[in-house]
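Observations on chain architecture
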Amino acid sequence: MFQQEYRRKRISAGGAAELVRSGDTLFLSGGALTPVDFAAALYQQRERLSGVRVLNYLPLAPLDFLLCPEGGAHFQVESVFYNRVQQAAASRGFCDFIPNNLRDAARDWRTSTPDYDLMVFTVSPMDRHGYFTLAGSAIMELELLGGAKRLIVEEAERAPRVFGDTLVHISQVDGIIPSARYPAVLPQARATAEDEALGRHVAGLVEDGSTIQLGFGGTIDALAGQLMDKRDLGIHTEAFSDAAMELLLAGAVNNRRKTLYPGLTVTSFTMGTERLYDYVNDNPSILHRALSYTNNPGIIAQNRKMTSINAALQVDLSGQCASESIGTRQYSGSGGQVDTAVGAQMAEGGKSIITLRSTYTVKDPGTGEPVRKSRIVPRLDWGSTVTLPRASTHFVATEYGAVCLRGLSLQARAKALISIAHPEFRPWLEEEAQKMRMQ
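1. Re the overall build of the protein
- A tally of regular secondary structure across the protein gives 16 helices and 25 strands.
- Its C-alpha atoms give the protein a radius of gyration of 22 Å, near enough to 22 Å, the size a compact globule of 439 residues would have.
- On the principal axes, the C-alpha backbone points of the protein span a range of 70 × 55 × 35 Å.
- Going through the 439 residues of the protein one by one, you find that 59% of them count as buried.
- Partitioning the contacts of the protein with sequence separation of at least 6, the portion at a separation of at least 24 is 70%.
- If you sum the accessible surface of the protein, you get close to 17500 Å²; carbon and sulfur atoms cover 48% of it.
- The positive charge centre, built from 45 side chains, and the negative charge centre, built from 47, are 3 Å apart in the protein.

What follows is the structure, encoded as structure tokens:
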């Protein structure tokens, strides 16, 4: 029924990129929705373009227009969440960060940019009713769609068809780029011995029957391995990962005791391996909802025993968490840390857990030799963004243990956090705490 319209709207990636003019504003989705082929074609046409404003977040593919040294001559990028690709563009001066909580990201972008000349994202193949679905994601695209003057979709031949806030009809689409690919994948991180130890401490805080929120990375993968013996877990999370899939396959997660949407895994976006995309494809037990829903603290709080698990880069002795920058360098974004931490603590029997390895390694600027530093610090590095304020920090866990900060005085917090710092740095932390009268 819709095949004639489909054929009429087909366009090559190069043809779609030719529609872009200097000074245009583009919205190019990220995560699994990253329009890989269109972005490559856009880069090929960079020499004729200048002043193109690109709204983008978390691109999973190494997009050339973000990595090329001369990108700033053609593009100016704005993002609500960085990864290494956008860090590279930021270091060259043509990618800027928009502070936000993810539940409000769509609202914030609508406020600053009510309309765009072109929106491009990845979708699943069209069904017989003329519908595509967003490729394993419901982040914010449908909430922003009304501001797009023109919509082009990149139809990935092996993109998953998912349920929830994901439907796009061909009548809404101006162009269709066919692509014989999966959505962009997220490489798997390898868990370290520290991750394994940290995972054990966090798993000890997760009770049977809890609804959990968890993300990506070696620490989360290690944690998932430690949760395999749990019973009747549920998932309400912004991000659905391979680790979450493994918990479902093992039976540790069955969603039976969830308060909200019992029997269903609720997420905003799926991001991981091709095996994960195959798992969520046409899977009615995985419900994708927009971030404005999944990350709404009032919604999160409806899940009894809600347990949020998030990572930080640094935690100071008062419990302030810097989770998106060290100093003035932006590494990622607030993401849903505030959303989920606050929502979980509002829930009956809820918990919020901040995780971090106790140390990290940097190169000495003088000698080039590796130097180990503590992630638990007397004071956050100058210029660091406080993602989670100390009043909202509940549990903090490292590979040396987990402590609850709720209700503790500043002196008691310092003592607790020093107890889970790397032993090498505990004397230094105690000395600094005394100077600050926190001991």
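2. Here's the deal with helix α10 (residues 242-250)
- Looking only at α10, the buried set comprises Asp242, Ala243, Ala244, Met245, Leu247 and Leu248.
- Its buried side turned inward, α10 meets β11 (211-213), α9 (218-226), β12 (234-240), β13 (265-270), α11 (274-280) and β14 (286-288).
- Looking one or two places after α10, you find glycine 251, whose phi comes out positive at around 90 degrees.

3. Focus: the state of the cysteines
- Applying the stated criterion to the full structure yields zero disulfides.
- Not part of a disulfide, cysteine 68 finds its nearest cysteine sulfur in cysteine 95, a span of 12 Å.
- For cysteine 68, a relative accessible area of 5% translates into the label buried.
- In this model cysteine 321 remains outside any disulfide bridge; the closest cysteine sulfur is found in cysteine 404, 13 Å from its own.
- The exposure class assigned to cysteine 321 is buried, which follows from its relative accessible area of 0%.

4. Quick word on the packing of helix α8 (residues 193-203) against α9
- At a closest axis distance of 8 Å, the pairing of α8 and α9 adopts a crossing angle of 55 degrees. One element, α8, and the other, α9, form an angle in the oblique class. For the pair α8 and α9, the crossing hand works out as right-handed. For the pair α8 and α9, contact is made by Asp195, Glu196, Leu198, Gly199, Arg200, Val202 and Ala203 and by Gly218, Thr219, Ala222, Leu223 and Gln226, respectively.

Basis of the calculations
- Residues numbered from 1 in each chain as written.
- Predicted model: local features only at pLDDT ≥ 70, side-chain atom pairs only at ≥ 80, totals over all residues.
- Heavy atoms only, no water.
- Helix = DSSP H or I, 4+ residues; strand = E, 2+ residues; numbered from the N terminus.
- Rg over C-alpha atoms; globule rule 2.2 N^0.38 Å.
- Buried < 20%, exposed > 50% of the residue type's maximum accessible area, 1.4 Å probe, protein only.
- Contact = heavy atoms within 4.5 Å.
- Areas by Shrake-Rupley, 256 points an atom, 1.4 Å probe, with all protein chains shown as cover.
- Lys, Arg positive; Asp, Glu negative; His and termini not counted.
- Charge placed at Lys NZ, Arg CZ, Asp CG, Glu CD.
- Disulfide = S-S within 2.5 Å.
- Axes fitted to C-alpha atoms, helices over the stretch in contact; angles between N-to-C directions.
- Parallel < 35°, antiparallel > 145°, perpendicular 65-115°, else oblique.
- Left-handed = near helix turned anticlockwise from the far one by under 90°.

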